[in-house]
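A closer look at the structure
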Amino acid sequence: MTTVPLRVVGPDVPRVLDDWYVLASSRELRKKPLARELYGAPIALFRDEHGRAAALVDRCPHRSVPLSGGRVEDGTLECPYHGWRFAGDGRCVRVPGLTEEPDHRTRRCASYPVREQDGWVWVWATAGDTPTREPFRFPLLDDPRYASVRQTLEMAGTVHAAAENALDVPHTAFLHRGLFRGAGKTNELEVRVRRHHDRVEAEYIGEPRPSGALGRVLAPRGGVVEHFDRFILPSITQVEYRLGESHVLATVALTPRTDRRTVMNAVVSFRLPFVPPRLAGLAGELLRPLGLSVLRQDATILARQDEAIARFGEARFVSTELDALGPTIAKLLRAAARGREAASDAIDERTFRMRV
Ligand code: FES
Ligand SMILES: [Fe+2]
């Protein structure tokens, strides 16, 4: 057994500011502005006169009042104090009572690049920047053979802690005993971990159908599962299970609301052979409470972990090879926070065995 002491989060949580994060679902953003945060920076979301999502620094240039407390008028965001109005690009388009042209360099509000796709509103983490890439695409949403369920949940902890937890196999048999794994006999699997410049993936080979309730739903007839866990910069986690015709892909876009609070924006897309496509959405709804009980157990342990880290003033993470992805996720995040241009394209791969 190898032990690797690794300081992952301390006073300095890595911030990846040149990438996209989900700040709302498309359905949440309607007539009213929304107050959001990204790495602690207040952001006001609203829809302009064309219905396009827009994101402004949530502070009126006039007297620093949060614009998200105002309302949307004619596709502009109106400050609740003196009624200055701002267009989606941050230009001041109205100052009540002012006879001269309202738009002026000093009266502009900084705006963030926005994309709306896959039912999410994505915001580039640096205001005024020109994006150098496009947001991650959630797979399978347009495939008629698949149904999808969405869930948003806020948890204590960093993006690293949330991503590691979402992709960590050994805790499932312990923390989620009976719900997910750990109700049957143990098996030995081979795990292949591949790291690329912007992602890391673990493939589990020889994994029998997970025991417990979720396993029975995934694969009623048992068999060997194809299982991949992935982390993709800046904050995407993906868990993929395939068994014959059954296929489940759980993708989560993590959003650092602050350095130490993370919002999970999850889409679970699935195809289950024994469920006709028109009932698949219903099956998803029936499974939601089970998924939520698993997530609540995770949220509780992450909150305890974060409290302990805060109390000690540092994180102490000692890993073994069973911590298949966590240390690499930390490295990817730290490297990306420094700037991604220098990252090499080389793939490195390692293999180990695990008993689950
Ligand atoms: S503070 Fe916003 S209009 Fe005065
Ligand atoms: Fe978990």
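Everything quoted here is computed from the prediction, not taken from an experiment.

1. With respect to helix 5 (residues 326-338)
In a regular helix each residue adds 1.5 Å, so 13 residues correspond to 18 Å; helix 5 covers 19 Å between its end C-alpha atoms and thus fits that length. If you check which residues of helix 5 are buried, you get G326, T328, I329, A330, L332, L333 and A336. G339 lies just past helix 5 and shows a positive phi near 120°.

2. Structural notes on the domain arrangement of the chain
Each assigned domain of the chain is listed with its residue range as follows: domain 1 (20-124) and domain 2 (147-355). Each partner contributes to the interface: domain 1 provides nine residues, whereas domain 2 provides ten residues. Among the secondary structure elements, those contributing two or more residues to the side of domain 1 that touches domain 2 are strand 2 (20-25) and strand 3 (34-38). The element best represented in the side of domain 1 that touches domain 2 is strand 2, accounting for four residues. Classifying every residue of the side of domain 1 that touches domain 2 by side-chain character gives six nonpolar, two polar and one charged.

3. Observations concerning the environment of A202
Mapping A202 onto the fold places it in strand 15 (residues 199-208). Put simply, A202 and P139 are 63 residues apart on the chain and 19 Å apart in space, counted from C-alpha to C-alpha. Leaving out residues up to four positions away in the same chain, A202 has contacts with V191, V193, D229, A324 and L325.

4. Comments concerning the packing of helix 1 (residues 159-166) against helix 5
With their axes 9 Å apart at the nearest point, helix 1 and helix 5 run at an angle of 145° to one another. Along this stretch, helix 1 crosses helix 5, giving a crossing that reads as right-handed. Counted together, V159, H160, A163 and E164 of helix 1 and G326, I329, A330 and L333 of helix 5 form the full contact between these two elements.

5. Focus on the packing of helix 1 against helix 4 (residues 277-312)
In the contact formed by helix 1 and helix 4, the axes pass within 11 Å of each other and the chain directions differ by 140°. The angle between helix 1 and helix 4 places the two elements in the oblique class. Here the hand of the crossing between helix 1 and helix 4 comes out right-handed. Taking contact as the criterion, the partners of A161, A162 and N165 in helix 1 are, on helix 4, D298, L302, Q305 and D306. Considering only residue class, the contact of helix 1 with helix 4 consists of three nonpolar, two polar and two charged.

6. A few points about the sheet that holds strand 8 (residues 85-86)
As summarised here, the arrangement of the four strands in space is 6-7-8-9, forming an open sheet in which the pairing is antiparallel. Here the strands that pair on one side only, and so sit at the sheet edges, are strand 6 (71-73) and strand 9 (92-94). Looking at chain direction, strand 8 and strand 9 are connected through two bridges and run antiparallel. Looking across to strand 9, one finds that R85 is bridged to R94.

7. Here's the deal with the pairing of strand 3
In the sheet, strand 3 pairs with strand 4 (residues 41-47) via five bridges, with the strands oriented antiparallel. By the bridge assignment, A35 is partnered in strand 4 with A44. Where strand 3 folds back on strand 4, the antiparallel hairpin that results is connected by two residues, among which Y39 adopts a positive phi of roughly 50°.

8. Observations regarding the confidence of the model for the chain
The predicted structure's coordinates, where accompanied by low pLDDT, should not be read in detail. Scored by pLDDT, the chain has a mean of 90; 91% of the residues are at 70 or more. Below a pLDDT of 50 lies the segment residues 1-10, which in the model reaches 24 contacts outside its immediate sequence neighbourhood of four places, other chains included.

9. Notes on the nonpolar core
L23, L45, A55, V121 and V123 are the most contacted members of the largest nonpolar core, which has 65 residues in total. Ignoring any residue separated from it by four or fewer positions in sequence, one finds V121 in contact with V22, L23, A24, S26, L29, L45, A53, V114 and E116. Membership of the second largest hydrophobic core comes to eleven residues, among which are A147, L249, V267 and V268.

10. Observations concerning the environment of D12
Relative to the helices and strands, D12 is located in the loop between strand 1 (4-6) and strand 2. Residues D12 and D103, 91 residues apart in the sequence, show an inter-C-alpha distance of 39 Å.

11. With respect to the sheet that holds strand 21 (residues 348-355)
What the eight strands build is an open sheet, ordered 13-19-18-17-16-15-14-21; its pairing is antiparallel. The open sheet has two free edges, formed respectively by strand 13 (147-156) and strand 21, since each of these has just one partner strand. Strand after strand, the sheet turns through a mean of 15° between neighbouring axes, direction not considered. Pairing between strand 16 (residues 224-232) and strand 17 (residues 236-243): seven bridges, direction antiparallel. Across the sheet, I232 pairs through a bridge with I236, a residue of strand 17.

The rules we used
- Residues numbered from 1 in each chain as written.
- Chains lettered and ligands numbered in written order.
- Predicted model: local features only at pLDDT ≥ 70, side-chain atom pairs only at ≥ 80, totals over all residues.
- Helix = DSSP H or I, 4+ residues; strand = E, 2+ residues; numbered from the N terminus.
- Expected span 1.5 Å × (residues − 1).
- Buried ≥ 20, exposed ≤ 12 C-beta atoms within 10 Å, placed from the backbone.
- Domains from an automatic or database assignment.
- Contact = placed C-beta atoms within 7 Å.
- Nonpolar A, V, L, I, M, F, W, Y, C, P; charged D, E, K, R; others polar.
- Axes fitted to C-alpha atoms, helices over the stretch in contact; angles between N-to-C directions.
- Left-handed = near helix turned anticlockwise from the far one by under 90°.
- Parallel < 35°, antiparallel > 145°, perpendicular 65-115°, else oblique.
- Pairing = 2+ DSSP bridges.
- pLDDT = per-residue confidence, 0-100.
- Core = buried A, V, L, I, M, F, W, Y, C linked by C-beta atoms within 7 Å.

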